Amino acid sequence: MRLFRSFRLDSANQCLWRGEHRVPLTPKAFDVLRYLVEHSGRLVTQDELLEALWPETYVNPELIKKYILGIRKVLGDQHDKPVYIETLPKRGYQFIAPVTDHVTEDPQDPSYDVISNMVGRSGPVSELQAAFKKALRGQRQIIFVAGEPGIGKTTLVDSFHQRASHEAKVRTARGQCVEGFGGKEPYYPMLDALGQLTRNPDSGAVVQTLARRAPTWLIQFPSLVKPEQREALHREILGATRERMVREICEALESLSSEAPILLVFEDLHWVDPSTLDLISALARRREEAKLMLVCTYRPVDMILSNSPLKGLKQDLQLHNLCVEIALERLPEPAIAEYLATEFPKASLPPGLANFIYRHSEGNPLFMAAIVQDMMKNGSIVHDDEEWRLTRPLETIDPGVPQSLQQMLEVQFERLNAPEQRVLEAGSVEGEHFSAWAIANALAEKIDHIEDLCDELAARQQVIKAIGIQELPNGLVAAHYEFRHSLYRQAIYRRLSSGRRARLHRAIAERLKTLSGPGRRDVASKIAFHFESGHEYEQAARYLLLAAENAAGRLAYRDCIQVLLHALKLTSKIEAYLGAELETQVLEFIGDAHYALGAMAESAAAYEAAASRAGQAGLKGAQVSALSSMVRPFGLIDPDRGIAAIGRAVEVTRSMQDPLLLARMEMLAAGCRLLYDSWREQDAVVCQSAHDQLKELGDKGTPPFHKMIYAHVQALQGNYIEALELFERGIPTLNQATSLMEHFFALSGKTIALLRMGRLGYVLQIVRDGREMAEKNGNDPWLFNFREAWLRMLTLDFEGSARVCEAILQTETAYPVSQPQTIARIARGYTAIAKGFTELDKGQNDRAIELFNQVRDPQTTPKFFLHWNWRMTAQLGVSEAWLQSGNLEKASFEADGFLHAALETADPHLQALAWEMQTRVAIANEDWGRAEDCVHKGLEIVDRFEVPVAGWQVHATAWRLYQSRQQYAEAESHRERAQADIFKIADSFPKGEPLRESFLSAAPIARIFSPSAERRRAADG
Ligand SMILES: Nc1ncnc2c1ncn2[C@@H]1O[C@H](COP(=O)(O)OP(=O)(O)O)[C@@H](O)[C@H]1O
Ligand SMILES: [Mg+2]
């Protein structure tokens, strides 16, 4: 702490104090001041400042001039007779006020208690202190400070904050909730506070903790992330959810608090956004030790009027003793007397003055302070002969005092001159904080003029205070101001006619618009708010779309949907054509947000609404986009409707003369039919030729989903390497609403290719990583569970596969369950077959056939992604069961059916298995010629494609066939190749992996490894 005159420079908290007030300099201005103070008494050149404070960027030296000007303003320094900063023309600056070092940890120290004129709050102060003591011992504390406007919440919390700041090593930060647009910005106060922590001198530790524990938060501060780390960070948080984001910040705060206690202040929670409430709730409920205190202020009446969920949260926390509420009462008369005594030391004021103020203000401190101030302004209280006195008897002052606080504030405003009033009016339109830069435009005046006028008002402590200058993203710097109390702003704003209000809002919006750019999405909701208030609904809706993107970037999809629904309301007020265009955009975004939340029905409904709105308005491009989006959610819940939608998209595209779009749609439509409906040669051709055409047209913009569909089609034709490459590239690197599902889709395809290729160990790794990721993110790991079930089938662990599926079916999942249901049936079918085999129990075979037939029956098993693959697998199972039970006629009938179906596809795995089954049926029929033909067909396929799962089965059957034909050398070579395929599969698992062991010891495998046993069996049979 460094002291100069009445100021204290607080390096630990990066702020400047003056007596009772925190002088909220902007971070850069603070740095400039600190540098000058730390090098006081000597010349500091401009170059030195630039070197020290902007080491890596080029900065216009004019900027420094602006900062110095701003600092002078808040210090109240005069250019002609400076007492703080002297300009040495052409050379630089010198800090000339005497500076002393000050270290205090002693609460008795007078400079410790900075808000010296706070009265009547000893109760709340000791409550806060008691809570703080507990926090210092590791018991987290959540405190709500409640009370009407002007009751002194900010004053109390400020005073407490200052005390805490003096405690060694306490990290403090404040976050402000903002009226109007603030409720639409997820985590507004937390990001505000975190921003301060990352600018403190020990910000390194904070940034490191965020990187380690809270990447979803770090990414909200792009300037803290090095460009080369950005992609990795995006990947790291892919698929993250709101739950993860909340958990991460809790963990980060807890971890930070183990180094130094943390005090957070969130102000004006009656305007809070829902995400921040989630965060507070989580912070309050976690049980980990944390030296953490969160103090929140709010106005109960506004909370109720705005129907804020804060009410429910607070009640719940109170019920569970997880928070403390401090309700501030109005000041009693003696407290007012005390206030007068501190404000006017050495005074001869009449004893009735306290009662007079008490009666008028009814103990509201803001009202009280305003009356006192007014009496000084109008000369009722004067300071002469070294003392304060009243110039008139109280009775004559009495009738002039306004009835209400509102009127009081209006009276104060009316005393100002016309230009001052105009400036304040424009300021009140911008908000509690306003900048000379924004309102200069609204008033068509010079910035300097506005700044002079505002500085003058601030210096007279009227209505506003200066909060320093700020660097705008466009390189300009401008002074910013704040209303002394939000009631001042409200009083002034309310006086404006609706026409003038709207005009000012529009002008401010236009000005703020120039600030919005890629890096500044956070101003979007503010701009939207001003456009809406200025009745410019089209612009408002466009900026709301940006604000929604912003919310999605904070993983706050529910908030994002709220913002979009608001935008939707505005679109109805816009001219028909533009309105329709915006409406479809908004609806499609709503679809994306629901999709990200896993709410597939809602997502599909929003896309459908977008498509029909676009269709009505003749917006073909938008209609096609919405129709093609429908296939994503419908693919999961109702594939036929998805296929119908994409068919419609193709139709509409045909009338558009856009070959590129047509090729995209045709590829997508054909691909979807192949994957979700059934495999048809014709569709495979369309899909391929559309893809080739896209390549020819040099298409760069094919959406990832389309590409993933195409990659799946590749995988199902045995083009595994190409497919894997496409899936790898398809894993998104940027987080957007649809990224999670894109990611899942790419992983899903990757695992399918790997399963076909027998790289089961790799799939198991993906399943485990995916589950871990899902757990971290708070997602449902459905896809990974599905894949594990599939994987276990291929390792012949039918029991295990069925168990995984049945576990999925027991838990509540928003995702469709056809797939696990199907796998469970098939797995149970195979278990039954195995039993039938060992126990010669005919009943088991019947049971197996029944289960397989359930899978084949479209009534019992509706369509789902790749359902045909499973229905064919079930048919294979049926032929297996008939074969085993000795019903060769039926076995042969089903095996033919399976072969026929497999040959309709282009899938080498299924086709090889179909020939293998044919071979076995032929062997059973002792039709040796047919058996040899069939086995050759199978062998030809497994030689050509990397399909070891089918491979070992075909070779094993070939081995048996040649044994029966007594061609032992030929037989043995197939046995060896079966073994080789088995090892290929087994060795894809790490050594010691239980699945590897169970696969190798499964009965059908064991028989291949122990040919003598097999020979015996053949001889016995
Ligand atoms: N306990 C107090 N003692 C003296 N003055 C106070 C006290 N509380 C508030 N005030 C005065 O009232 C004004 C408004 O108080 P503030 O803390 O901003 O109210 P709130 O945050 O509850 O709306 C302050 O600027 C200060 O002048
Ligand atoms: Mg306040």
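What you see is a predicted model; the values in this text were computed from it and never measured. (Residues numbered from 1 in each chain as written. Chains lettered and ligands numbered in written order. Predicted model: local features only at pLDDT ≥ 70, side-chain atom pairs only at ≥ 80, totals over all residues. Heavy atoms only, no water.)

### Topic: helix 16 (residues 365-377)
Over its 13 residues, helix 16 extends 18 Å from the first C-alpha to the last, a length consistent with the 18 Å expected when each residue adds 1.5 Å. Along helix 16, the residues classified as buried are Pro-365, Leu-366, Phe-367, Met-368, Ala-370, Ile-371, Val-372, Asp-374 and Met-375. Backbone geometry just after helix 16 places Gly-379 at a positive phi near 80 degrees. (Helix = DSSP H or I, 4+ residues; strand = E, 2+ residues; numbered from the N terminus. Expected span 1.5 Å × (residues − 1). Buried < 20%, exposed > 50% of the residue type's maximum accessible area, 1.4 Å probe, protein only.)

### Side note on the pairing of strand 10 (residues 171-176)
Strand 10 sits mainly inside the fold: 5 of its 6 residues count as buried. Bridging between strand 10 and strand 11 (residues 262-267) involves 6 bridges; their strand directions are parallel. Counterpart to Thr-172 in the pairing with strand 11 is Leu-263. (Pairing = 2+ DSSP bridges.)

### Things to note about the pattern of salt bridges
Across all of its chains, the model carries 66 salt bridges by this definition. The shortest N-O distance in the salt bridge between Arg-244 and Glu-236 comes to 2.9 Å. With relative accessibility at 0%, the residue Arg-244 sits in the buried group. The partly exposed category is assigned to Glu-236, whose relative accessible area is 34%. We note a salt bridge from Glu-583 to Arg-613, for which the minimum N-O separation is 2.9 Å. Of the two residues, Glu-583 is situated in helix 27 (residues 576-597) and Arg-613 in helix 28 (residues 600-616); the sequence distance between them amounts to 30 residues. Classification of Arg-613 by relative accessible area gives partly exposed; the value is 22%. (Salt bridge = Lys/Arg side-chain N within 4 Å of Asp/Glu carboxyl O.)

### Observations regarding the site of ligand 1
For ligand 1, the set of nearby residues contains 18 residues, the closest of which are Gly-150, Lys-153, Thr-154, Thr-155 and His-485. Between ligand 1 and Val-119, the relevant distance is 2.9 Å, taken from a nitrogen atom to a main-chain nitrogen or oxygen of the residue. Summarising the interface, the protein chains cover 86% of the accessible area of ligand 1, which totals 560 Å² for the free molecule. Where the shell around ligand 1 is concerned, the elements lending two or more residues are helix 5 (153-166) and helix 16. Tallying contributions element by element places helix 16 first for the shell around ligand 1, with 4 residues. In terms of residue class, the shell around ligand 1 is made up of 9 nonpolar, 6 polar and 3 charged. (Near = heavy atom within 4 Å. Polar contact = N/O pair within 3.5 Å; in protein donor to acceptor, adjacent residues only side chain to side chain. Areas by Shrake-Rupley, 256 points an atom, 1.4 Å probe, with all protein chains shown as cover. Nonpolar A, V, L, I, M, F, W, Y, C, P; charged D, E, K, R; others polar.)

### With respect to unusual backbone geometry
The backbone phi angle of Tyr-187 is positive, close to 65 degrees, even though this residue is not glycine. Mapped onto the fold, Tyr-187 is located in the loop between strand 10 and helix 6 (188-197). One non-glycine residue with positive phi stands out, namely Glu-926, at about 55 degrees. With respect to the helices, strands and loops of the structure, Glu-926 is situated in the loop between helix 43 (908-924) and helix 44 (928-944).

### Description of helix 37 (residues 782-794)
Between its first and last C-alpha, helix 37 extends 19 Å over 13 residues, near the 18 Å set by a 1.5 Å rise per residue. Among the residues trailing helix 37, Leu-796 stands out with phi positive, at a value near 65 degrees.

### Some words on the nonpolar core
Formed by 179 residues in total, the largest nonpolar core has its most connected members in Phe-4, Leu-33, Met-190, Trp-217 and Leu-269. When residues no more than four places from it in sequence are discounted, the contact partners of Leu-33 are Phe-4, Leu-9, Leu-16, Leu-25, Ile-71, Leu-75 and Phe-95. Counting 149 residues, the second-largest nonpolar core is a separate cluster that includes Leu-587, Ala-610, Phe-727 and Ile-833. (Core = buried A, V, L, I, M, F, W, Y, C linked by side-chain atoms within 4.5 Å. Contact = heavy atoms within 4.5 Å.)

### Details of the confidence of the model for the chain
Keep in mind that low pLDDT regions are not for reading the predicted coordinates in detail. For the chain, per-residue confidence averages 90 on the pLDDT scale, and residues scoring 70 or more make up 95% of the total. Under a pLDDT of 50 for its full length, residues 104-113 has, in the predicted model, 15 contacts with residues more than four places off or in other chains. (pLDDT = per-residue confidence, 0-100.)

### A few points about the environment of Ala-715
Within the fold, Ala-715 resides in helix 33 (residues 704-715). By relative accessible area, which is 2% here, Ala-715 ends up buried. Ala-715 sits 42 residues away from Met-757 along the chain, and the two C-alpha atoms are 9.8 Å apart. Setting aside anything within four residues of it in sequence, one finds Ala-715 in contact with Tyr-720, Ala-723, Phe-727 and Ala-753.

### Quick word on the sheet that holds strand 18 (residues 464-471)
Here we have 3 strands laid out as an open sheet, ordered 17-19-18, and antiparallel in their pairing. With partners counted over all chains shown, the strands left at the sheet margins are strand 17 (433-435) and strand 18, one partner each. Taking each pair of neighbouring strands and ignoring which way they run, the sheet shows an average axis angle of 30 degrees. Inspection of the sheet shows strand 18 paired to strand 19 (residues 477-483) by 6 bridges, in the antiparallel sense. Bridge pairing in strand 19 places Ile-464 opposite Phe-483. Those strands touched by helix 19 (residues 418-430) are strand 17, strand 18 and strand 19, and its axis lies near 120 degrees from that of strand 17. (Axes fitted to C-alpha atoms, helices over the stretch in contact; angles between N-to-C directions.)

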